[in-house]
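Understanding the architecture of this molecule
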Amino acid sequence: AEGEPYLVMEWLSGETLSSRLQRTQLTLSEALALGRRVASALSAIHRGGVVHRDIKPSNLFLRDGAIDKVTLIDFGMARRPLADPRLTITGTMLGTPGYIAPEQVDHFSTLDGRADIFSLGCVLYRCISGRAPFRGPDALRMLLNGLPRMLPRLREFRPSIPRELDDLVAGMLSRSPEDRPASGDAVAAELLQIEESEPRPLSPTQSGPRAVLSEIMAAERRLMSLVVLRLPDRTDAALTIAERAAHERALHDLIERHRGKLEVLADGVLLVILSNAEAAGDLAARAARCALALQQALGRGPAVVVTGREVPGPSLRDSELLHRGVDLLDVAHGTTAVRLDELTAALLRPRFDTGKSGRELRSERRATTGPLPGEIGTCVGREQELDQLEMIFDQCAEERAATMVLLSGPDGVGKSRLGHEFLRRLGTRDQPPRIWTGVADPLTSGAVFGLLVQVLWRALGLVDGEPLEARRDKIRAWTARHPGAGGMAFAETLGELIGTPFEVEDRDDPGAVRDNPKLPSEQMRQSFLGFLREECQVQPVVIMLEDLHWGDLSTIKLMYAALGALADQPLMVLALARNNVTELFPQLWADRCVQEIRLRRLSRRASAQLARQALGEAVSDEAIKALVERSDRHASYLEELIRAAAAGSLEHTPPVVLAMVQARLEKLDPAARRVLRAASIFGDTFWRGGVEELVGVGDTAAWLAVLVDQGVIELRNDARFADEVEYRFQHPLIREAAYEMLTNDDHIAGHWLAAQWLEKVGEDAQVVAAHFEHCGRGGGSGAPL
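From a predicted model like this one, the values you see are computed outputs, not experimental measurements. (Residues numbered from 1 in each chain as written. Predicted model: local features only at pLDDT ≥ 70, side-chain atom pairs only at ≥ 80, totals over all residues. Heavy atoms only, no water.)

Description of the overall build of the protein chain
Looking only at helices and strands, one finds 29 helices and 19 strands in the protein chain. Here the analysis covers contacts within the protein chain between residues at least 6 apart in sequence; of these, 72% occur between residues at least 24 apart. For the protein chain, the accessible area works out to roughly 36,100 Å², and carbon and sulfur atoms hold 51% of it. (Helix = DSSP H or I, 4+ residues; strand = E, 2+ residues; numbered from the N terminus. Contact = heavy atoms within 4.5 Å. Areas by Shrake-Rupley, 256 points an atom, 1.4 Å probe, with all protein chains shown as cover.)

Describing the packing of helix H12 (residues 383–399) against helix H13 (residues 415–427)
Between H12 and H13, whose axes approach to 10 Å, the crossing angle comes to 50°. Between H12 and H13, the angle falls in the class oblique. Seen along the crossing, H12 lies across H13 with a hand that is right-handed. On H13, the residues that touch Glu385, Leu386, Asp387, Leu389, Glu390 and Phe393 of H12 are Leu418, Glu421, Phe422, Arg425 and Leu426. Residues that form the contact of H12 with H13 fall into these classes: six nonpolar, no polar and five charged. (Axes fitted to C-alpha atoms, helices over the stretch in contact; angles between N-to-C directions. Parallel < 35°, antiparallel > 145°, perpendicular 65-115°, else oblique. Left-handed = near helix turned anticlockwise from the far one by under 90°. Nonpolar A, V, L, I, M, F, W, Y, C, P; charged D, E, K, R; others polar.)

Quick word on the confidence of the model for the protein chain
Overall, the predicted model of the protein chain reaches an average pLDDT of 82, with 84% of residues at or above 70. Of the regions scoring below 50 in pLDDT, residues 82–93 engages in ten contacts with residues more than four places distant in sequence or in other chains. This model gives residues 136–142 a pLDDT under 50, and the stretch forms eleven contacts once residues within four places in sequence are excluded. (pLDDT = per-residue confidence, 0-100.)

Concerning the side chain of His771
You can see His771 is positioned in helix H29 (residues 765–777). Accessibility expressed as a relative area gives 0% for His771, which makes it buried. At 2.9 Å, the side chain of His771 and the side chain of His751 are in polar contact. (Buried < 20%, exposed > 50% of the residue type's maximum accessible area, 1.4 Å probe, protein only. Polar contact = N/O pair within 3.5 Å; in protein donor to acceptor, adjacent residues only side chain to side chain.)

Some thoughts on the side chain of Arg735
Secondary-structure assignment places Arg735 in helix H27 (residues 732–740). Here the side chain of Arg735 touches Ser680 through a polar contact of 2.5 Å, landing on its backbone oxygen.

Description of the nonpolar core
Ranked by size, the top nonpolar core spans 80 residues in total, and within it Val227, Leu294, Leu676, Phe682, Phe686, Leu694 and Ile713 carry the most contacts. It is helix H9 (residues 280–298) that provides the largest number of residues to this core, a total of eleven residues. Setting aside its immediate chain neighbours within four residues, Leu694 contacts Ile216, Met217, Ala678, Ile681, Phe682, Gly750, Leu753 and Ala754. (Core = buried A, V, L, I, M, F, W, Y, C linked by side-chain atoms within 4.5 Å.)

Things to note about the sheet that holds strand E19 (residues 726–729)
As a general point, the strands of a sheet are linked pairwise by backbone hydrogen bonds and lie either parallel or antiparallel. Reading across the sheet, the three strands line up as E17-E19-E18 and stay open at both edges, with antiparallel pairing between neighbours. The outermost strands of the open sheet, each flanked by one partner alone, are strand E17 (685–687) and strand E18 (713–716). Each strand axis lies, on average, 35° off the axis of its neighbour in the sheet, ignoring direction. Bridging between E18 and E19 involves four bridges; their strand directions are antiparallel. Note on E19: the bridge partner recorded for Glu714 is Arg728. Here helix H26 (residues 700–709) sits on the sheet and contacts E17, E18 and E19; the angle it forms with E18, its principal contact strand, is near 110°. (Pairing = 2+ DSSP bridges.)

Examining the packing of aromatic side chains
Taken as a whole and judged by the stated rule, the model has eleven aromatic pairs. Residues Phe682 and Trp687 carry aromatic rings whose centres are separated by 6.2 Å and whose planes lie at 85° to one another, so their mutual orientation is edge-to-face. Comparing Phe682 with Trp687, the two get one shared label, buried. Pairing Phe721 with Trp757 gives two aromatic rings, centres 6.2 Å apart and planes at 80°, and the pair type is edge-to-face. Taken as a pair, Phe721 in the loop between E18 and E19 and Trp757 in helix H28 (residues 744–761) lie far apart in primary sequence, 36 residues in all. (Phe/Tyr/Trp six-rings, centres within 6.5 Å; stacked < 30°, edge-to-face > 60°.)

Section: unusual backbone geometry
Unusually for a residue other than glycine, Asp64 sits at a positive phi of about 55°. The phi angle at Arg633 is positive, at roughly 60°, despite the residue not being glycine. Inspection of the secondary structure assignment puts Arg633 in the loop between helix H21 (621–631) and helix H22 (635–646).

A few points about the pattern of salt bridges
Evaluation of the coordinates by the stated rule reveals 45 salt bridges. The shortest N-O distance in the salt bridge between Arg114 and Asp112 comes to 2.8 Å. Looking at Asp112, the relative accessible area reads 21%, which means it is partly exposed. Two residues, Arg728 and Glu714, come together in a salt bridge whose shortest N-O distance is 3.2 Å. With Arg728 in strand E19 and Glu714 in strand E18, this pair connects stretches of sequence that are 14 residues apart. A network of salt bridges, in which partner residues are shared, links Asp387, Glu390, Asp394, Glu421, Arg424, Arg425 and Arg429. (Salt bridge = Lys/Arg side-chain N within 4 Å of Asp/Glu carboxyl O.)

Some thoughts on the sheet that holds strand E6 (residues 269–275)
Taken together, the six strands give an open sheet; going across it, the order is E5-E6-E4-E7-E8-E10, and neighbouring strands pair in mixed fashion. The outermost strands of the open sheet, each flanked by one partner alone, are strand E5 (260–264) and strand E10 (360–361). Sheet topology note: the E5/E6 ladder contains five bridges and is antiparallel. Looking across to E6, one finds that Gly260 is bridged to Leu274.

Some words on H13
For H13, which comprises 13 residues, the first-to-last C-alpha distance of 18 Å matches the rise-based estimate of 18 Å (1.5 Å per residue) to within 8%. The buried fraction of H13 is high, at ten of 13 residues. Of the residues making up H13, those classed as buried are Lys415, Ser416, Arg417, Leu418, Gly419, His420, Glu421, Phe422, Leu423 and Leu426. (Expected span 1.5 Å × (residues − 1).)

So, the pairing of strand E12 (residues 403–408)
Each regular strand carries side chains that alternate between the two faces of the sheet. The element E12 is largely enclosed, with a buried count of six among its six residues. The side-chain alternation of E12 yields two buried faces, one formed by Thr403, Val405 and Leu407 and the other by Met404, Leu406 and Ser408. Where E12 meets strand E15 (residues 571–577), six bridges bridge the pair, whose relative direction is parallel. What sits directly across from Ser408, in E15, is Ala577. Across five bridges, the pairing between E12 and strand E16 (residues 594–598) is parallel. Its bridge partner being in E16, Leu406 is matched across the sheet by Glu596.

Some thoughts on the environment of Ala459
Along the chain, Ala459 falls in helix H14 (residues 450–460). The buried category is assigned to Ala459, whose relative accessible area is 8%. For the pair Ala459 and Leu532, spaced 73 residues apart in sequence, the C-alpha to C-alpha distance is 9.9 Å. Residues in contact with Ala459, not counting those within four places in the same chain, are Arg434, Trp436 and Phe531.

Considering the environment of Leu615
As for its position among the elements, Leu615 is in helix H20 (residues 604–615). Among the residues examined, Leu615 registers a relative accessible area of 16% and is labelled buried. Residues Leu615 and Ala646 lie 31 residues apart in sequence; the distance between their C-alpha atoms is 6.4 Å.

Side note on helix H24 (residues 670–680)
Along an α-helix, residues three or four apart share an orientation, since each turn contains 3.6 residues. Within H24, nine of the eleven residues are buried, leaving the element largely enclosed by the surrounding structure. Listed as buried for H24 are Ala672, Arg673, Arg674, Val675, Leu676, Arg677, Ala678, Ala679 and Ser680. Where H24 begins, the side chain of Asp669 points an oxygen toward the backbone nitrogen of Ala671, at a separation of 2.8 Å.

What about the packing of H14 against helix H18 (residues 553–565)?
Viewed as axis vectors pointing N to C, H14 and H18 meet at an angle of 60°, and their least axial separation amounts to 6 Å. By the angle class used here, H14 and H18 are oblique. Across the interface between the two elements, Gly450, Leu451 and Leu452 from H14 touch Thr555, Leu558 and Met559 from H18. In terms of residue class, the contact of H14 with H18 is built from four nonpolar, two polar and no charged.

And the structure:
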């Protein structure tokens, strides 16, 4: 309507094959159907004289998530075999390592459709075996050295697949194009013949003493959070097309910043799906921030955040988790609150203000110097670390020597609790230091000086929502108290750094800053260092940076510079971070005075003391001991178990604890998680042969070895069954969390196959009967054996 040019493209709703394979393996029938359809598509484009040259899982799109609607996309590298050779630059390789044919590395002049046949063979190999044929940085070298001939055959991974399929894929992966099938139609015809001759798998409830299942444990219930809200009642009739488009882009950008996926449901309901987080608390926090931001952008209508387990897919419209969210939204109708389900509320504690009820999201708490609200007890078991921190501070203050302490440990081990208790102790001294804090989060990790701005706001006493002029007055007042800082030129640079710009007439010399030949970043650096020096000359300064693993590099580098430039000042920087911070920022403080304190699990004595302190003398010593063992001496798990015990639930594991453990498991390789889910069917103890009965032989033994190395399971030397390798879960919580990841179908099928295998190896009849009983219950969760 405005006369602007625009491009109309077909809208595809669904997901790529790559996304599907990241969370689940295809069944054999699905792999055959997908290969047949893609082979037919390739035959069509080859007849048109086009070679795609980049066949890979991310370029195969599943419309509506359906295998039989797979669509070939992204022809950005396609070319005609007889096209102008200048379109391919000499000495370059086009295509994706791991999926390109050997002739795509060179020999461009002889390239034809059989290169795409090779790539499709790689895709089928990945779908059927669960691994790509050529992996890692040596994928190209493997191709060039002729190693396709040395690839393991598919039947080595899955002996049950038809020999004809094994031979077909091996032929498609031949190094020489002449040895491959001649066309996509030839591949499609063979796949169809194999598909028609393959017997359909039976379910355990369908027949016989022995049900044959070709695929189980392929899907899993992943941890995810949903934000559900209704669009406000308003009309956009007065908006132009461009204005409506800009509004929609802003909405999508907001959701993408929180790494969410948007769906628009009926009756003006918006659904945002969030998943994939390092920790369960991270996931809930992302969802909470997204909900608050959406409310601000759309108007304060009712909204809901729910967290739970669902099988990921292109849509969750029929999921139980979404139905729970919509029911909660109906309850919130007519309010402006963001309602939370129980699990989300527990995961957000204590970082967010959730009101008196604990189930209404109001805002994110800013960093404080006092104890964290909602936490149980004091820093029991951390007395040694607290004494060490105080000793480091005393030395820093007395010797006027800048220092930094990195307090590291896994998620939930108690870093924030310890840091805040340390600051509380400093604050109660007769001559307390200046204490400034900042908390990083994933949304600000890329922001320039994002963490530093928080620190300076608290140092200057700036408050969210106060007028710009009020903030300027506080900066002017600070400059007046520190005449050596540099006057208004200094104040202006400081104001620019923290988002409080000054008017031109405020400057002593309006052109001084603009004409300064130094770079703006250097000006800000000098401004911050000058600010710190002035403060340190009055009294010692302690800066605590929480969640530094999400910190922005500009702030971290500036703190690095401060440790060097102010080496003779009483400055202590305390950084709290997960263990991976040294991988994210390697060697950043290698030549600075940095001391690292690594937090580990609580001792049994400290764990029992914390539980006793919270629950009192009414609880028996046996119950306290059981709580400690169930918590695995993990501070966050123990705290939630104490809450459950105080509420009268001593036997059941709180959902928030299982969510925390599951988030840890989701960082494992998908193939390792599949093995782990199968193992959970048997109980705390399981056997390699039993797991192989459920998932096939393949790489099962290798993945079990990996899980042993990672401390998830343990190898036992006294196996109960002859000729069997026996394992045990490192902790019952891991087994319980893995069991909760089972789908309903896998729950039934897994117990059925486990019962048959255990009966074959001579297990007690009651145990076998219990597995058969679980088949009838269904449900991805239930009382583990």
